[in-house]
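Working through the structure, step by step
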Amino acid sequence: MRSVQVGICGLGTVGSGVFNVISRNSSNINQRANCAINIAQIGARRDNPNCDTGSTNVVRDIFEVAQNPDIDIVVELIGGTTVAYDLVMTALKNNKHVVTANKALIAEHGMEIFSVAASKGLVVAYEAAVAGGIPIIKGLREGLSANQVNWVAGIINGTTNFILTEMDTKGRDFNDVLVEAQEKGYAEADPTFDVEGIDAAHKLVILASIAFEMPLTLEGLYTDGITQLEPQDVAYAKELGYAIKHLGIARQTKQGVELRVHPTLVPQASMIAGVNDVANAVMVNADAVGTTLFCGPGAGAEPTASSVIADIVDVARTIDAPAEAKVNALGCPISALEQRNIVAIEEIETSFYMRFSALDKPGVLSEITSIMGDTGISIEAIVQKEQPAGEDYVNVIIVTNVTQEKLLSTAVERIENLETVRDSIKFIRVEHLDQ
Ligand code: HSE
């Protein structure tokens, strides 16, 4: 059996997971790869107590791995976009194939990295960059290659889903749950990437690029995280039959492509509403297949390792194949990718949940609903909550029918200017994901 030499750079949560799973399942993995996959070298600044590297050659300088003439595949698991970028470029320069779990690197520098790789007949594989253990890159790029994609929507950050689930089901404090997500190895080195939606934005860009054959770009993408989400909205949404999930949505419309990441109300009966804890789920709606749902663990050592190793197997199995027999990094050749107009958030059309605090006296609600009507927004549901003891104000919740976001903003501004309404209005987008 021929042998393929792998160098792993980074021995943190994912790196140790990759080493442990390859060691444990090597005989099955080798059969599936049609070759012996040998971890020939590890580059890591420090050892990891969760990983007994035994007699494997471990060096402290990761660039030694990228330049080692014996290595065929460099596995980049250090994260970030500076040293990781230099490492990947060094590996390509030295004619190594690359496997990476680094979504920020792919979203920000993917076009350059893929171009260099393609020009040298090398593969850069990145299954683990999106949705952890779910094979969504392969699923979308290869499994759905017959289709025109209409939209992709999903829970693509495990940390935020874990936080939202714990807050919702156990009433736990946001910061406590975040600390636990960090301890479990779910969160990014800088967890603001998770809770502010940046990590999900990186992943959405990758999915959109494959789905809509467009270059990777973060430009025009709308991002909102979960830090401003209030527990009362989670509770009110539940009463109205919705769950709040942090979604990434990429949708083809007549105006172009919508690219947005934000908290979203989804019907409790929808498939995605039941996806909890660290799980991720990506729905893809496409012309031939209809709607598919890919679901599974979105973060963590071994689920992510599962995807990294699948890439190593793919690269190793086809290492001697001609370039045209290999899958293009983004599905189609780079020269076939086309720039798309990214639809501004004010132009998107969806339903909205609104919460405001209004004076509890006759005529106030009709004033508010008149503004909604004047603005051309139709109301699907309106609920006035019980007045708290000693309070003159009540919470009013409105769920609208589908409308344009700029009309909603106009209505919000006019209602906020009413003397009978105090504080700013909270609004959250609602998606039914059924068309
Ligand atoms: N921090 C990421 C998440 C890790 O929570 O989803 C997986 O990409």
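1. Looking at the overall build of the chain
In terms of regular secondary structure, the chain is built from 14 helices and 17 strands. Relative to its length of 435 residues, the chain is compact, with a C-alpha radius of gyration of 24 Å against a globular reference of 22 Å. Principal-axis analysis of the C-alpha atoms gives the chain an extent of 80 × 45 × 35 Å. Residues counted as buried form 55% of the 435 residues belonging to the chain. Relative to all contacts within the chain whose residues are 6 or more apart in sequence, the contacts with residues 24 or more apart total 73%. Summed over all atoms, the accessible surface of the chain reaches about 18200 Å², with 46% contributed by carbon and sulfur. Computed over 32 positive and 55 negative side-chain charges, the separation of the two mean positions in the chain equals 5 Å.

2. As for the pattern of salt bridges
Side chains that differ in sign of charge can pair as their charged atoms come close. Overall, the coordinates contain 28 salt bridges when judged by the stated rule. Two residues, E431 and R251, come together in a salt bridge whose shortest N-O distance is 2.8 Å. One end of the pair, E431, is in the segment after strand 17 (421–430); the other, R251, is in strand 9 (residues 242–253), and 180 residues separate them in sequence. The two residues E431 and R251 agree in class, both being buried. It is possible to trace a salt-bridge network through shared partners that takes in K138, R141, E142, D314 and R317.

3. Focus: the side chain of H97
When you line up the elements, H97 lands in strand 5 (residues 97–100). Relative accessible area serves as the criterion here: at 6%, H97 is assigned to the buried category. A polar contact is formed between the side chain of H97 and the backbone nitrogen of V123, at a distance of 3.0 Å. Aside from chain neighbours lying at most four places away, what touches H97 is D72, I73, V74, G121, L122, V123, V315, I319 and K326.

4. Section: the nonpolar core
Membership of the largest hydrophobic core comes to 61 residues, with the highest contact counts inside it found for Y126 and I136. Mapped onto this core, the elements with two or more residues apiece are helix 3 (62–67), helix 4 (83–93), helix 5 (103–119), helix 6 (136–143), strand 7 (149–155), helix 10 (198–212), strand 10 (256–267) and strand 11 (279–286). Among the elements that take part in this core, helix 10 stands out by supplying 10 residues, more than any other. Domain assignment of the residues forming this core places at least three in each of domain 1 (3–132 + 301–336) and domain 2 (136–297). Setting aside residues up to four positions removed in sequence, Y126 forms contacts with T100, I106, F114, I137, R141, I206, I210, D311, A329 and L330. Core analysis: the second largest hydrophobic core is formed by 33 residues, V4, I42, I73 and A316 among them.

5. Some details on the domain arrangement of the chain
Annotation of the chain at the domain level lists domain 1 (3–132 + 301–336), domain 2 (136–297) and domain 3 (348–430). The straight-line distance from the C-alpha centre of domain 2 to that of domain 3 is 26 Å. The partner domain 3 presents 14 residues to the 18 residues of domain 2 that form the contact. Ranking the residues of domain 2 by area buried against domain 3 places Y236, L240 and L265 at the top, with a combined share of 36%. Summed over the shared surface of domain 2 and domain 3, the result is 3 salt bridges. Of all the elements in the fold, those that place two or more residues in the side of domain 2 that touches domain 3 are helix 11 (231–239), strand 9 and strand 10. Taken together, the residues that form the side of domain 2 that touches domain 3 break down as 9 nonpolar, 4 polar and 5 charged.

6. Structural notes on the environment of F352
Looking at the element boundaries, F352 is found in strand 13 (residues 349–359). Considering only alpha carbons, one finds F352 and E166, 186 residues apart in sequence, at a separation of 24 Å. Not counting residues up to four positions away in its chain, the partners in contact with F352 are I398, V399, T400, T403, E405, L408, F427, I428, R429 and V430.

7. Some points on the pairing of strand 15 (residues 393–400)
For a regular strand, side chains alternate in direction, first toward one face of the sheet and then toward the other. Strand 15 sits mainly inside the fold: 8 of its 8 residues count as buried. Of the two faces of strand 15, the one holding Y393, N395, I397 and V399 and the one holding V394, V396, I398 and T400 are both buried throughout. Bridge count for strand 13 against strand 15 is 7 bridges, and the pairing is antiparallel. Pairing of M354 across the sheet is with I398, part of strand 15. Alignment of strand 14 (residues 379–384) against strand 15, held across 5 bridges, turns out to be antiparallel. Opposite Q384, over in strand 15, you have V396 as the bridge partner.

8. Quick look at the sheet that holds strand 3 (residues 57–59)
The strand order across the open sheet built from 6 strands is 3-2-1-4-5-6, with neighbouring strands paired in parallel fashion. Among the strands making up the open sheet, the edge pair consists of strand 3 and strand 6 (124–125). Direction of pairing for strand 5 relative to strand 6: parallel, over a ladder of 2 bridges. Paired with V98 across the bridge in strand 6 is V124. Packed on one face of the sheet, helix 4 meets strand 1 (3–9), strand 4 (73–76), strand 5 and strand 6 and runs near 175 degrees to strand 4.

Criteria and cut-off values
Residues numbered from 1 in each chain as written. Predicted model: local features only at pLDDT ≥ 70, side-chain atom pairs only at ≥ 80, totals over all residues. Heavy atoms only, no water. Helix = DSSP H or I, 4+ residues; strand = E, 2+ residues; numbered from the N terminus. Rg over C-alpha atoms; globule rule 2.2 N^0.38 Å. Buried < 20%, exposed > 50% of the residue type's maximum accessible area, 1.4 Å probe, protein only. Contact = heavy atoms within 4.5 Å. Areas by Shrake-Rupley, 256 points an atom, 1.4 Å probe, with all protein chains shown as cover. Lys, Arg positive; Asp, Glu negative; His and termini not counted. Charge placed at Lys NZ, Arg CZ, Asp CG, Glu CD. Salt bridge = Lys/Arg side-chain N within 4 Å of Asp/Glu carboxyl O. Polar contact = N/O pair within 3.5 Å; in protein donor to acceptor, adjacent residues only side chain to side chain. Core = buried A, V, L, I, M, F, W, Y, C linked by side-chain atoms within 4.5 Å. Domains from an automatic or database assignment. Buried area = accessible area lost by both parts, 1.4 Å probe. Nonpolar A, V, L, I, M, F, W, Y, C, P; charged D, E, K, R; others polar. Pairing = 2+ DSSP bridges. Axes fitted to C-alpha atoms, helices over the stretch in contact; angles between N-to-C directions.

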